Amino acid sequence: MITKHVIKICKGPACSQRFANDIRRAAEEATGEDETIEIRTCGCRGFCEDGPTVVVDDVVHSHMSEVAIVGIITGIKKEKIT
Ligand code: FES
């Protein structure tokens, strides 16, 4: 059975102003063709002051950056290999 990881990138107004689009682009590039990782957008999660906000498998990550999301996705991929 393939585990599906869901990464939701907040597209609310505060997170959008803090470059959520760049984070999504970095996430999509890091994911590549891996069909076990799904990138979605979501509405405001209520953590606007700590944005940009990303939810990875129901865990909220604040102050997200392109480097951080790539690190998370790399970690998910390594986890599946071992
Ligand atoms: S706009 Fe992203 S948490 Fe509110």
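Everything below is about the structure shown above.
**Q** What is the right way to read the overall build of the protein from this model?
**A** The helix and strand tally for the protein stands at 3 helices and 4 strands. Ordered by position in the sequence, the α and β elements of the protein form the string β-α-α-β-β-β-α. Taken over the C-alpha trace, the protein has a radius of gyration of 12 Å; the compact-globule value for 82 residues is 12 Å, and the two agree within 12%. In terms of its C-alpha atoms, the protein occupies a principal-axis envelope of roughly 35 × 20 × 15 Å. A buried classification covers 26% of the 82 residues belonging to the protein. Sequence-distant contacts in the protein: of pairs separated by 6 or more residues, those separated by 24 or more amount to 68%.

**Q** Would you explain the sheet that holds strand S1 (residues 5-10) in this entry?
**A** Spatial strand order, S2-S1-S3-S4: 4 strands in an open sheet with mixed pairing. Only two strands of the sheet have a single neighbouring strand rather than two, namely strand S2 (37-42) and strand S4 (59-61). Each strand axis lies, on average, 25° off the axis of its neighbour in the sheet, ignoring direction.

**Q** Looking at this structure, how should I read helix H2 (residues 20-31)?
**A** Working note: α-helix, 3.6 residues per turn, so residues spaced by three or four point in the same direction. Taking 1.5 Å as the rise per residue, H2 with 12 residues should run 16 Å; its terminal C-alpha atoms sit 16 Å apart, in good agreement. Buried within H2 are the following residues: Ala20, Ile23, Arg24, Ala26, Ala27, Ala30 and Thr31. Taken down its axis, H2 places every buried residue within 165° of arc, on the same side. Within two residues after H2, glycine 32 carries a phi angle of roughly 60°, on the positive side.

**Q** Which parts of the structure should I look at to understand the environment of cysteine 48?
**A** Within the secondary structure, cysteine 48 sits in the loop between S2 and strand S3 (54-56). Between the C-alpha atoms of cysteine 48 and threonine 3, which are 45 residues apart in sequence, the distance is 30 Å. Other than its neighbours up to four places away in sequence, cysteine 48 contacts Gly12 and Ala14.

How each quantity is defined
Residues numbered from 1 in each chain as written. Predicted model: local features only at pLDDT ≥ 70, side-chain atom pairs only at ≥ 80, totals over all residues. Helix = DSSP H or I, 4+ residues; strand = E, 2+ residues; numbered from the N terminus. Rg over C-alpha atoms; globule rule 2.2 N^0.38 Å. Buried ≥ 20, exposed ≤ 12 C-beta atoms within 10 Å, placed from the backbone. Contact = placed C-beta atoms within 7 Å. Pairing = 2+ DSSP bridges. Axes fitted to C-alpha atoms, helices over the stretch in contact; angles between N-to-C directions. Expected span 1.5 Å × (residues − 1). Arc of directions from axis to C-beta.

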